[in-house]
Amino acid sequence: MRGRLNAGLVAGGVLVGLVVLAALVSFVWTPHDPTLVDAARKLREPGGGYLLGADKFGRDTLSQLMVGARTTLYVGIVAVGIAALLGTPLGVLAGMTRQGWLAELVMRVNDLVFAFPALLLAVMLGAVYGAGTLTAMIAIGVATVPAFARVARAATLQVMVTDYVLAARAAGRRGGAIALRHVLPNIGSVLIVQASVSFAIAILAEAALSFLGFGTRPPTPSWGRMLQESQELLFSTPRLALWPGLAIALAVLGFNLLGDGLRDFLDPKLRRIGAEG
Amino acid sequence: MLKVDGLSVRAGSVELVREVSFAVGPGERVGLIGESGSGKSLTALSLMGLLPEGVTAAGRATLGDRDLVGVPEGRLKRLRGRELSMVFQEPMTALNPLMRVGTQVAEAMTLHGRGRREARARAVELLERVRLPEPRQLARAFPHQLSGGQRQRVMLAIALANEPGLLICDEPTTALDVTVQKQMLGLIAEVAPALLFITHDLAVVASVCERVLVMYGGRIVESGAVREVFTRPRHRYTEGLLAASRLTPRGTRLPTIRGGVPAAGHFPDGCVFRNRCPHADDRCESAPELTGDGHAHACWHPAD
Amino acid sequence: MTLYLVKRLAVLVASTAVAGVVVFAFMALLPGDPAEIALGVNATPEAVARLREQFGTDRPPLAQFLDWFGGLARGDFGTSYVTSAPIGPQISDRLGVTAVLVLGGMVVALLVAVPLGTFAAVHHRDPLGAAVSAVSQAGIAVPAFLAGILLVFVFAVRAQVLPSGGYVPLADDPGEWLRSLLLPWLSLGLVQGAVLTRYVRSAVLDVMREDYLRTARAKGRGSTGALWRHGLRNAAVPVVTVLGLQLATLLVGAVVVERVFVIPGLGDLLLNGVAGRDLLLVQGVVMVLVTAVLLINFLVDVAYHLLDPRLRGPR
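Note that the structure is predicted; figures quoted are calculated from it, not measured. Position numbers for residues count from 1 along each chain, tracking the sequence in the order it is written. For naming, the first written chain is A and the first written ligand is 1, with later ones following in the order written. Local features in this predicted model are restricted to residues whose pLDDT is 70 or higher, and side-chain atom pairs enter the listing and the counts only when it is 80 or higher, whereas totals over whole chains, interfaces and linings include all residues. Computation of side-chain values: all heavy atoms of the structure, hydrogens and water removed.

Draft legend 1. Region of interest: the overall build of chain C. Every helix listed is a DSSP run of H or I at least four residues long, and every strand listed is a run of E at least two residues long, numbered separately from the N terminus. Each helix and strand counted, chain C has twelve helices and zero strands in total. Scanning chain C from its N terminus toward the C terminus, one meets helices and strands in the order α-α-α-α-α-α-α-α-α-α-α-α. With respect to the three principal axes, the spread of C-alpha positions in chain C is 85 × 60 × 35 Å. Exposure categories follow from relative accessible area, calculated using a 1.4 Å probe and restricted to protein chains: below 20% of the type maximum is buried, above 50% is exposed, and the middle band is partly exposed. For chain C, buried positions account for 50% of its 315 residues. Whether two residues are in contact is decided by their heavy atoms, any of which lying within 4.5 Å being enough. Put simply, 71% of the contacts in chain C that link residues at least 6 apart link residues at least 24 apart. Within the structure as shown, chain C displays about 14300 Å² of accessible surface, and the carbon and sulfur contribution to it stands at 67%. Residues scored as positive are Lys and Arg, those scored as negative are Asp and Glu, and His as well as the terminal groups of each chain are ignored. To locate a charge, take atom NZ for lysine, CZ for arginine, CG for aspartate or CD for glutamate. In chain C, 24 side chains carry a positive charge and 20 a negative one; their mean positions are 17 Å apart. Each accessible area value is a Shrake-Rupley result obtained with a 1.4 Å probe; residue values ignore everything except the protein chains displayed when judging cover.

Rendered as structure tokens:
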């Protein structure tokens, strides 16, 4: 590991840590039950046991935020996981193969998947199987595969021309062995950075989907849906939009900063590869 | 023509070039010899006002009656490309890949007042002068379509476009093949006005220049006529340099200067060379001045 | 160069066809029979069979696909199973609205990103440049709909100068049309502008380190002149490639923004279609969106090749 601790890494780490903390704590304790509808507490102002107030159904905002953090992280982890597990082998294959047509085919398929933005996939998937957290995760995951494949391929190409790989090939090592021993460890840092950036994008996508009604179904709290519910009351109770909005922005900012910070930490020269989502 | 007096270049707290003084007369060919890290490129860049970010120059340098150091960019840019110009080391990256070659040559002239049509015509003439084949067609080519040697000739054409009084060349042939080098050197020797030729290659200096300055550790340690300096070096560094470049008979070891070139800012006080010089003693703890007319050296224990 | 164009065009057509298959297959998975759904629970089997024949859903899937795709190529999107309204006109009506939304957003993004990005690059060593970088970093974290809500809050709720939603067609009232689009454009453009700023900064920084800038200065250009004349054109190349990606993201952002501001565009149509289980409509809209993205990528590829003479092939 080279590089030094930098501001981005620290700031990003702190923000992400906050989100993770909120989610973890929510498993054990929340100020109130976020799904509990309580007409008496309708639109209650911050104060008393309701630190950030309550929404139009009387549900505690803070509790909703905390449990919403769970959803956010859950979706991010699964989506990025799918993308990494599917995209990395594809990218490495495309980078390592001597068959030009294979690489070309993989990249073309990649571009095709890329043409289906996460939102669109989620809408389509939702229409068939019913919208919800699961379909959102799968859709976002599949839509993120091209990003990982591209980054993996670019990094693999760079590794393939290094002297130690050439030596390995001259010594007769087979492709699989080279992939495991040389390629994967070296493209690891690029993939970690991409994972962080994709996580941020996944959060944005989930928020957008929930906002549109295609994400997490009620009553499970979700930051995106909280925003959508706040819209009609924007004129009277703007604070309902403030908190989920802030949560989303800070979480995304955190992952982006973390990604940048990791990039600088692991190898400043990596700045070129994979800046897109 | 060019008079440099006490030029110093520093990057932050590190002094990279110390009190360098020399002169280049009109039509004179002067070589500036040194290894990597001797400060020769920085000296040239500071004359052009093209030092990289964070690097500054102090001291005096004049071209004719005009100051070159400590002058605002606005004034300097009027001199650059017109009164003095420079050819750099790397021909592969020195040209804008998106612009046609002829346009880039013409730009040197339009920047200093010439009309576009005239500049374009003259660009073709210049390409011919640097012995590029089919100059009219070549002018419409893009840099990536040319070889390294061809690109370097284009750079030369750009440098000569406004008939400058002084041409500075910073290792112009180092990145080229040996055969191409020879042609290029011949060309430069033929077309250059006053020339400051920077290189680490002694043979090149011998073939192109009349006078030579030897630089080490950011200082000029010896200067004089090429023939004089190369046959009877006074400074111990020059002596070592020449010995190391002579072809030795079989069976004998290649003479080297012991030790290595220190990193910037880590040169010894006093004589910059004393930590590698077999003749160094206590006297060398104070820096020797450049002494002698014609053939000058800065050494307490010069060779005889 | 032309060979490349032809090859690339072939890829575009092939991709569109494959996309069509994917979309069709997807929608074919939708549970329930359109005819049954249209007629309701009490329909007689004969009525259902007749309607199926009318819809064409009684034929084998391949025939249905070819029919549909062939129709698309001719511009015929078919007739909705649910509303019995022709789909083509619905799409073309709203396509214009979404296109204006997306293009306006792109313009705003460029207007923000080019000056800011260049500024950040030129000042990358001093606090001003760092500040711009930080702001753009924060800007990325804000999704378009959040920006929309924020803008509505500031301009419509507090300042009350702009409408909080709704759309007025250009033909009806140009002034109101503009006013209704201003906040949506800003929502899309500011966020994309933040993303683009980082790319512009990075591209300009790369160019600033290039040798040919030094050559330009050696000819007699000042440092700003060299950057303008030589640098920016070269920096444009990587930025243009990103623009293509951004257009795709803008398209998606537009879908969401249309919800926020209640604008009758393609996104709105799509979402309504899904909610109403209007199979053919959803197919049509998705195809349009996907084709748009593929087309944009194609154009960007071509533009990239045109801009950089190194890619044009031998003389």
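Draft legend 2. Expanded view of the pattern of salt bridges. One side-chain nitrogen of Lys or Arg within 4 Å of one carboxyl oxygen of Asp or Glu is enough to make a salt bridge. Scanning all chains against the criterion turns up 25 salt bridges over all chains. Among the ionic pairs, Glu53(B) bridges to Arg125(C), the shortest N-O distance being 3.0 Å. Pair noted here: Glu53(B) is in the loop between helix 1 (40–48) and strand 4 (55–63) and Arg125(C) is in the loop between helix 5 (87–122) and helix 6 (127–140), and the two residues belong to different chains. Under the relative-accessibility criterion, Glu53(B) is labelled partly exposed at 49%. A relative accessible area of 60% means that Arg125(C) is categorised as exposed. Taken together, the shared-partner salt bridges connect Glu104(A), Arg108(A), Asp111(A) and Arg150(A) into one network.

Draft legend 3. Molecular detail of the sheet that holds strand 5 (residues 66–67) of chain B. All names here are of chain B. Strand order across the open sheet formed by four strands is 2-1-4-5, with antiparallel pairing between neighbours. Only two strands of the sheet have a single neighbouring strand rather than two, namely strand 2 (14–24) and strand 5. What makes two strands pair is DSSP finding at least two bridges between them. Two elements, strand 4 and strand 5, share two bridges in a ladder whose sense is antiparallel. Counterpart to Thr-62 in the pairing with strand 5 is Asp-67. Angles run from 0 to 180 degrees between N-to-C directions of axes, and those axes are lines fitted to C-alpha atoms, restricted for helices to the stretch in contact. Contacts between helix 1 and the sheet are confined to strand 1 (2–11), strand 2 and strand 4, with strand 1 contributing the most and set at about 110° to the helix.

Draft legend 4. Summary view of the interface of chain A and chain C. Counting residues at the interface gives 38 residues for chain A, matched by 42 residues for chain C. Buried area is calculated as the accessible area (1.4 Å probe) missing from two parts once they are joined, with the contributions of both summed. Buried surface at the junction of chain A and chain C, summed over both partners, amounts to about 3600 Å²; 80% is from carbon and sulfur atoms. Counting the surface chain A buries against chain C, the share from its top three residues, Met124(A), Val128(A) and Phe235(A), is 15%. The tally of links between chain A and chain C comes to one salt bridge. With its nearest N and O atoms 2.6 Å apart, the salt bridge here joins Arg198(C) to Asp260(A). The definition of a polar contact used here is a pair of N or O atoms within 3.5 Å, where within protein one atom must be able to donate a hydrogen and the other to accept one, and adjacent residues in sequence count solely through side-chain atom pairs. At the surface where chain A touches chain C, the tally comes to three residue pairs in polar contact (both at pLDDT 80 or more). Polar here means any residue outside two lists: the nonpolar Ala, Val, Leu, Ile, Met, Phe, Trp, Tyr, Cys and Pro, and the charged Asp, Glu, Lys and Arg; Gly therefore counts as polar. Its residues assigned to classes, the side of chain A that touches chain C shows 30 nonpolar, three polar and five charged.

Draft legend 5. Highlighting the arrangement of the chains. Ranking the two pairs of chains in contact by contact count places chains A and C at the top. You won't find any contact between chain A and chain B; their C-alpha atoms come no closer than 19 Å.

Draft legend 6. Quick peek at the interface of chain C and chain B. Taken together, the 23 residues of chain C in the interface contact 30 residues of chain B. For the pair chain C and chain B, the two sides together bury roughly 2600 Å², of which 54% comes from carbon and sulfur. Where chain C packs against chain B, one counts four salt bridges. Between Glu73(B) and Arg217(C) there is a salt bridge whose closest N-O contact spans 3.2 Å. At the boundary of chain C with chain B, the tally comes to 17 residue pairs in polar contact (both at pLDDT 80 or more). Listed by contribution, the elements that provide at least two residues to the side of chain C that touches chain B are helix 9 (211–219) and helix 10 (223–261) of chain C. In terms of residues, the side of chain C that touches chain B owes the most to one element, helix 9 of chain C, which gives seven residues. Tallied by class, the residues present in the side of chain C that touches chain B amount to five nonpolar, seven polar and eleven charged.

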